[in-house]
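Read off the chains here:
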Amino acid sequence: MADARVLEGWILALAEPEERLRADDLGPTVERVARGDIDALGPLYDAVASEIFAAALWRTGSRADAADVVQDVFVKVAASPGLLRGVRHARRYLLTMAHRCAIDRGRRAKPEVSIDDALIVPVLGDPERSLDAARVTQALRSLPDAQREAIYLHHFAGCSFREVAKITGVPTFTAASRYRLGIARLRAMLGGSR
Amino acid sequence: MSDFDGLRPAEPPPELRGRVLAAAREAVGSRSPGLFELLVADRAVRISVAVVSLLFIAHLLVDRVPVRTSAPVTAPAADEASVPAEPGLTAAEQIDELEPAL
(Lines give C-alpha, C1' and ligand atoms only; values in the text may rest on other atoms or scores of the structure.)
Protein backbone atom coordinates (compact mmCIF):
# COMPACT_ATOMS: atom_id res chain seq x y z
CA MET A 1 0.00 0.00 0.00
CA ALA A 2 2.77 2.34 0.97
CA ASP A 3 4.67 1.36 -2.16
CA ALA A 4 1.64 2.16 -4.28
CA ARG A 5 1.42 5.60 -2.70
CA VAL A 6 5.10 6.22 -3.35
CA LEU A 7 4.71 5.11 -6.94
CA GLU A 8 1.70 7.36 -7.34
CA GLY A 9 3.81 10.22 -6.01
CA TRP A 10 6.52 9.59 -8.60
CA ILE A 11 3.98 9.42 -11.40
CA LEU A 12 2.41 12.69 -10.25
CA ALA A 13 5.83 14.29 -10.05
CA LEU A 14 6.64 13.35 -13.61
CA ALA A 15 3.22 14.23 -14.93
CA GLU A 16 3.43 17.78 -13.63
CA PRO A 17 3.58 20.40 -16.34
CA GLU A 18 7.26 20.97 -16.89
CA GLU A 19 7.27 24.71 -17.02
CA ARG A 20 5.09 26.22 -14.37
CA LEU A 21 7.54 29.08 -14.10
CA ARG A 22 7.03 31.14 -17.20
CA ALA A 23 9.58 33.65 -18.27
CA ASP A 24 7.01 35.62 -20.25
CA ASP A 25 6.67 38.37 -17.68
CA LEU A 26 10.44 38.70 -17.43
CA GLY A 27 11.16 38.44 -21.14
CA PRO A 28 11.36 42.14 -22.12
CA THR A 29 13.27 43.06 -18.96
CA VAL A 30 15.71 40.24 -19.45
CA GLU A 31 16.25 41.24 -23.07
CA ARG A 32 17.09 44.77 -21.97
CA VAL A 33 19.54 43.47 -19.40
CA ALA A 34 21.09 41.14 -21.97
CA ARG A 35 21.65 44.15 -24.25
CA GLY A 36 23.58 45.82 -21.44
CA ASP A 37 20.85 48.23 -20.34
CA ILE A 38 21.85 48.94 -16.74
CA ASP A 39 18.52 50.62 -15.99
CA ALA A 40 16.74 47.31 -16.54
CA LEU A 41 18.41 45.82 -13.49
CA GLY A 42 15.99 47.66 -11.18
CA PRO A 43 12.85 46.10 -12.64
CA LEU A 44 14.63 42.73 -12.79
CA TYR A 45 15.46 43.06 -9.09
CA ASP A 46 11.86 43.91 -8.26
CA ALA A 47 10.67 40.88 -10.19
CA VAL A 48 12.99 38.18 -8.88
CA ALA A 49 14.94 39.38 -5.84
CA SER A 50 12.39 38.09 -3.32
CA GLU A 51 12.52 34.59 -4.77
CA ILE A 52 16.29 34.58 -5.06
CA PHE A 53 16.62 35.86 -1.50
CA ALA A 54 14.19 33.33 -0.09
CA ALA A 55 15.73 30.44 -2.02
CA ALA A 56 19.16 31.40 -0.75
CA LEU A 57 17.84 31.95 2.77
CA TRP A 58 16.24 28.53 2.87
CA ARG A 59 19.42 27.00 1.51
CA THR A 60 21.94 28.82 3.72
CA GLY A 61 19.74 29.60 6.73
CA SER A 62 21.30 33.04 7.04
CA ARG A 63 19.81 36.37 5.99
CA ALA A 64 23.26 37.89 5.59
CA ASP A 65 24.37 35.08 3.28
CA ALA A 66 21.10 35.26 1.35
CA ALA A 67 21.57 39.00 0.82
CA ASP A 68 25.11 38.33 -0.40
CA VAL A 69 23.79 35.70 -2.79
CA VAL A 70 21.33 38.19 -4.28
CA GLN A 71 24.17 40.65 -4.72
CA ASP A 72 26.43 38.00 -6.26
CA VAL A 73 23.77 37.07 -8.78
CA PHE A 74 23.12 40.65 -9.86
CA VAL A 75 26.80 41.52 -10.01
CA LYS A 76 27.40 38.51 -12.27
CA VAL A 77 24.52 39.49 -14.50
CA ALA A 78 25.70 43.11 -14.66
CA ALA A 79 29.29 42.10 -15.40
CA SER A 80 28.27 39.60 -18.08
CA PRO A 81 24.85 40.57 -19.42
CA GLY A 82 25.37 38.22 -22.34
CA LEU A 83 24.70 35.37 -19.93
CA LEU A 84 21.01 36.14 -20.20
CA ARG A 85 21.01 36.28 -24.00
CA GLY A 86 18.77 33.59 -25.38
CA VAL A 87 17.72 32.34 -21.93
CA ARG A 88 14.11 31.16 -22.18
CA HIS A 89 13.40 30.77 -18.49
CA ALA A 90 15.19 33.62 -16.85
CA ARG A 91 13.62 33.08 -13.44
CA ARG A 92 14.79 29.48 -13.35
CA TYR A 93 18.19 30.52 -14.68
CA LEU A 94 18.61 33.12 -11.94
CA LEU A 95 17.44 30.65 -9.28
CA THR A 96 20.08 28.23 -10.56
CA MET A 97 22.71 30.94 -10.25
CA ALA A 98 21.46 31.64 -6.72
CA HIS A 99 21.65 27.95 -5.85
CA ARG A 100 25.29 27.79 -6.94
CA CYS A 101 26.20 31.00 -5.16
CA ALA A 102 24.47 29.74 -2.00
CA ILE A 103 26.45 26.51 -2.12
CA ASP A 104 29.67 28.49 -2.53
CA ARG A 105 28.69 30.63 0.45
CA GLY A 106 27.88 27.51 2.45
CA ARG A 107 31.34 26.11 1.80
CA ARG A 108 32.93 29.28 3.12
CA ALA A 109 30.58 29.66 6.12
CA LYS A 110 31.85 29.12 9.63
CA PRO A 111 29.88 26.21 11.07
CA GLU A 112 30.24 27.32 14.68
CA VAL A 113 28.25 30.51 14.07
CA SER A 114 24.66 29.99 15.17
CA ILE A 115 22.01 31.88 13.21
CA ASP A 116 18.46 32.52 14.37
CA ASP A 117 17.11 34.24 11.28
CA ALA A 118 13.48 33.52 10.55
CA LEU A 119 12.97 31.51 7.41
CA ILE A 120 9.24 32.02 7.40
CA VAL A 121 7.08 34.82 8.73
CA PRO A 122 3.36 35.38 9.23
CA VAL A 123 1.45 36.89 6.34
CA LEU A 124 0.68 40.55 7.13
CA GLY A 125 2.31 40.22 10.54
CA ASP A 126 -0.53 38.10 11.92
CA PRO A 127 0.37 37.82 15.63
CA GLU A 128 -1.52 34.56 16.04
CA ARG A 129 0.76 32.94 13.53
CA SER A 130 3.99 34.38 14.90
CA LEU A 131 4.44 31.49 17.28
CA ASP A 132 3.71 29.04 14.47
CA ALA A 133 6.25 30.81 12.29
CA ALA A 134 8.91 30.44 14.96
CA ARG A 135 8.04 26.77 15.40
CA VAL A 136 8.06 26.09 11.68
CA THR A 137 11.38 27.92 11.31
CA GLN A 138 12.84 25.78 14.07
CA ALA A 139 11.56 22.62 12.40
CA LEU A 140 12.85 23.76 9.01
CA ARG A 141 16.28 24.39 10.47
CA SER A 142 16.50 20.79 11.57
CA LEU A 143 16.10 19.61 7.98
CA PRO A 144 19.05 19.13 5.63
CA ASP A 145 19.73 22.18 3.45
CA ALA A 146 18.80 20.36 0.25
CA GLN A 147 15.40 19.28 1.60
CA ARG A 148 14.65 22.76 2.86
CA GLU A 149 15.59 24.21 -0.51
CA ALA A 150 13.42 21.69 -2.35
CA ILE A 151 10.45 22.57 -0.13
CA TYR A 152 10.87 26.27 -0.85
CA LEU A 153 11.31 25.85 -4.58
CA HIS A 154 8.39 23.48 -5.00
CA HIS A 155 5.94 24.82 -2.43
CA PHE A 156 6.59 28.56 -2.49
CA ALA A 157 8.35 29.31 -5.78
CA GLY A 158 5.95 27.05 -7.66
CA CYS A 159 8.61 25.06 -9.45
CA SER A 160 7.77 21.61 -10.73
CA PHE A 161 9.97 18.79 -9.51
CA ARG A 162 11.65 18.79 -12.90
CA GLU A 163 12.46 22.46 -12.50
CA VAL A 164 13.67 21.93 -8.94
CA ALA A 165 15.91 19.20 -10.33
CA LYS A 166 17.30 21.50 -13.02
CA ILE A 167 17.89 24.32 -10.56
CA THR A 168 19.64 22.12 -8.02
CA GLY A 169 21.43 19.92 -10.55
CA VAL A 170 20.03 16.57 -9.46
CA PRO A 171 17.77 13.98 -11.09
CA THR A 172 14.02 14.64 -10.91
CA PHE A 173 13.50 11.65 -8.62
CA THR A 174 16.04 13.04 -6.19
CA ALA A 175 14.38 16.45 -6.17
CA ALA A 176 10.96 14.92 -5.56
CA SER A 177 12.38 12.64 -2.92
CA ARG A 178 14.01 15.52 -1.09
CA TYR A 179 10.71 17.39 -1.04
CA ARG A 180 8.69 14.44 0.17
CA LEU A 181 11.17 13.42 2.84
CA GLY A 182 11.43 17.01 4.03
CA ILE A 183 7.68 17.48 4.21
CA ALA A 184 7.27 14.13 5.98
CA ARG A 185 9.85 15.05 8.59
CA LEU A 186 8.34 18.49 8.98
CA ARG A 187 4.89 17.02 9.54
CA ALA A 188 6.25 14.56 12.04
CA MET A 189 7.97 17.34 13.97
CA LEU A 190 5.12 19.83 13.85
CA GLY A 191 2.45 17.24 14.37
CA GLY A 192 4.10 16.13 17.57
CA SER A 193 4.40 19.64 18.92
CA ARG A 194 0.79 20.64 18.31
CA MET B 1 0.77 21.94 3.15
CA SER B 2 -1.51 23.25 5.89
CA ASP B 3 1.43 23.96 8.22
CA PHE B 4 2.42 26.82 5.92
CA ASP B 5 -1.03 28.45 5.89
CA GLY B 6 -0.81 32.08 6.87
CA LEU B 7 2.97 31.98 6.56
CA ARG B 8 5.27 33.19 3.83
CA PRO B 9 9.02 33.10 3.25
CA ALA B 10 10.98 35.97 4.73
CA GLU B 11 11.45 38.97 2.44
CA PRO B 12 14.79 40.62 1.68
CA PRO B 13 15.56 43.73 3.72
CA PRO B 14 14.43 46.92 1.92
CA GLU B 15 17.92 48.41 1.92
CA LEU B 16 19.25 45.44 -0.05
CA ARG B 17 17.87 46.83 -3.31
CA GLY B 18 20.08 49.90 -3.22
CA ARG B 19 23.12 47.90 -2.20
CA VAL B 20 22.66 45.30 -4.93
CA LEU B 21 22.01 47.82 -7.69
CA ALA B 22 25.00 49.93 -6.63
CA ALA B 23 27.23 46.84 -6.72
CA ALA B 24 25.81 45.91 -10.10
CA ARG B 25 26.53 49.38 -11.50
CA GLU B 26 30.04 49.14 -10.16
CA ALA B 27 30.44 45.78 -11.87
CA VAL B 28 29.31 47.34 -15.16
CA GLY B 29 31.96 50.04 -14.73
CA SER B 30 34.68 47.49 -14.19
CA ARG B 31 33.49 45.18 -16.93
CA SER B 32 36.39 43.94 -19.03
CA PRO B 33 35.98 45.16 -22.62
CA GLY B 34 35.63 42.75 -25.49
CA LEU B 35 38.12 42.38 -28.33
CA PHE B 36 36.23 44.70 -30.65
CA GLU B 37 35.96 47.41 -27.99
CA LEU B 38 39.69 47.06 -27.32
CA LEU B 39 40.42 47.39 -31.04
CA VAL B 40 38.43 50.58 -31.25
CA ALA B 41 39.88 52.06 -28.09
CA ASP B 42 43.56 51.11 -28.08
CA ARG B 43 46.02 52.03 -30.84
CA ALA B 44 48.65 49.56 -29.64
CA VAL B 45 46.17 46.71 -29.84
CA ARG B 46 45.18 47.82 -33.34
CA ILE B 47 48.83 47.78 -34.48
CA SER B 48 49.43 44.41 -32.83
CA VAL B 49 46.42 42.87 -34.50
CA ALA B 50 47.47 44.37 -37.88
CA VAL B 51 51.00 42.97 -37.55
CA VAL B 52 49.75 39.53 -36.58
CA SER B 53 47.28 39.59 -39.46
CA LEU B 54 50.01 40.57 -41.95
CA LEU B 55 52.30 37.84 -40.67
CA PHE B 56 49.53 35.32 -41.01
CA ILE B 57 48.74 36.41 -44.56
CA ALA B 58 52.44 36.35 -45.47
CA HIS B 59 52.75 32.87 -44.05
CA LEU B 60 49.84 31.72 -46.17
CA LEU B 61 51.35 33.29 -49.30
CA VAL B 62 54.75 31.72 -48.69
CA ASP B 63 53.13 28.36 -48.32
CA ARG B 64 51.42 28.75 -51.67
CA VAL B 65 54.65 29.42 -53.71
CA PRO B 66 55.47 26.13 -55.48
CA VAL B 67 58.75 24.56 -54.43
CA ARG B 68 60.86 23.38 -57.40
CA THR B 69 61.97 19.85 -56.90
CA SER B 70 64.08 17.68 -59.21
CA ALA B 71 62.23 15.06 -61.13
CA PRO B 72 62.46 11.64 -59.60
CA VAL B 73 64.99 9.33 -61.18
CA THR B 74 63.27 6.21 -62.20
CA ALA B 75 64.87 3.13 -63.55
CA PRO B 76 63.10 1.06 -66.13
CA ALA B 77 61.09 -1.69 -64.66
CA ALA B 78 63.22 -4.80 -64.37
CA ASP B 79 62.42 -8.33 -63.60
CA GLU B 80 64.14 -10.30 -60.86
CA ALA B 81 66.69 -11.91 -63.17
CA SER B 82 68.02 -8.76 -64.72
CA VAL B 83 70.81 -6.85 -63.17
CA PRO B 84 70.06 -3.26 -62.51
CA ALA B 85 71.62 -0.96 -65.00
CA GLU B 86 74.74 0.67 -63.73
CA PRO B 87 76.29 3.72 -65.17
CA GLY B 88 79.79 3.35 -66.54
CA LEU B 89 81.56 1.05 -68.94
CA THR B 90 79.98 -1.83 -70.75
CA ALA B 91 81.28 -5.36 -70.17
CA ALA B 92 83.25 -5.30 -73.43
CA GLU B 93 84.88 -2.07 -72.48
CA GLN B 94 85.74 -3.42 -69.02
CA ILE B 95 87.43 -6.45 -70.55
CA ASP B 96 89.50 -4.13 -72.61
CA GLU B 97 90.51 -2.24 -69.54
CA LEU B 98 91.27 -5.33 -67.52
CA GLU B 99 93.25 -6.96 -70.28
CA PRO B 100 96.67 -5.77 -69.02
CA ALA B 101 96.04 -7.23 -65.62
CA LEU B 102 94.95 -10.52 -67.02
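Sequence order sets the numbering: in each chain, residues are counted from 1 along the sequence as written. All chains are assigned letters beginning at A, and all ligands numbers beginning at 1, according to the order in which they are written. The predicted origin of the model limits local features to residues at a pLDDT of at least 70 and limits the giving and counting of side-chain atom pairs to 80 or more, whereas totals for whole chains, interfaces and linings rest on all residues. Note that the side-chain values use all heavy atoms of the structure and ignore hydrogens as well as water.

Caption draft 1: Examining the environment of B:Val20 more closely. Helix numbering and strand numbering both begin at the N terminus, where a helix is a DSSP run of H or I of at least 4 residues and a strand a DSSP run of E of at least 2. Following the sequence through the fold, B:Val20 ends up in helix H1 (residues 16-29). Taking the relative accessible area as the measure of exposure, B:Val20 reaches 0% and is therefore buried. In contact with B:Val20, not counting residues within four places along its chain, are A:Tyr45, A:Val70, A:Gln71 and A:Phe74. Under the scheme applied here, a residue whose accessible area is under 20% of the maximum for its type counts as buried, over 50% as exposed, and between as partly exposed, the area being computed with a 1.4 Å probe on protein chains only. Throughout, a contact is declared for two residues whenever any of their heavy atoms are within 4.5 Å.

Caption draft 2: Broad picture of a nonpolar patch on the surface. A contiguous nonpolar patch, built from B:Phe56, B:Ile57, B:Leu60 and B:Leu61 and spanning about 400 Å² of accessible area, is present on the exposed surface. Checked against the element boundaries, B:Leu61 lands in helix H3 (residues 43-64). In this analysis, a patch consists of residues with relative accessible area above 30% that form no salt bridge, clustered at 9 Å for like charges and at 5 Å for the nonpolar side chains Val, Leu, Ile, Met, Phe, Trp and Tyr. Only the protein chains shown count as cover for residues, and the accessible areas themselves come from Shrake-Rupley with a 1.4 Å probe. The term salt bridge refers to a pairing of a side-chain nitrogen on Lys or Arg with a carboxyl oxygen on Asp or Glu at a separation within 4 Å.

Caption draft 3: Examining the side chain of A:Thr137 more closely. Residues and elements named next belong to chain A. Relative to the elements of secondary structure, Thr 137 occurs in helix H6 (residues 127-141). Since its relative accessible area comes to 6%, Thr 137 is described here as buried. In protein, a polar contact means a hydrogen-donor-capable atom and an acceptor-capable atom, both N or O and within 3.5 Å, with residues adjacent in sequence counting only if both atoms are side-chain atoms; elsewhere, any N or O pair within 3.5 Å suffices. In terms of polar contacts, Thr 137 uses its side chain to reach the backbone amide nitrogen of Ile 120, at 3.5 Å. Those residues within four positions of Thr 137 in sequence are excluded, and the remaining contacts are Asp 117, Ala 118, Leu 119 and Ile 120.

Caption draft 4: Broad picture of the confidence of the model for chain A. All names here are of chain A. Scored by pLDDT, chain A has a mean of 80; 81% of the residues are at 70 or more. The least confident element of chain A, judged by mean pLDDT, is helix H1 (residues 2-15) at 52; the most confident is helix H8 (residues 161-168) at 92. Throughout residues 14-23 the model reports pLDDT below 50, and contacts reaching past four residues in sequence, or to other chains, amount to 31 contacts. Values of pLDDT, which run from 0 to 100, indicate the predictor's confidence residue by residue.

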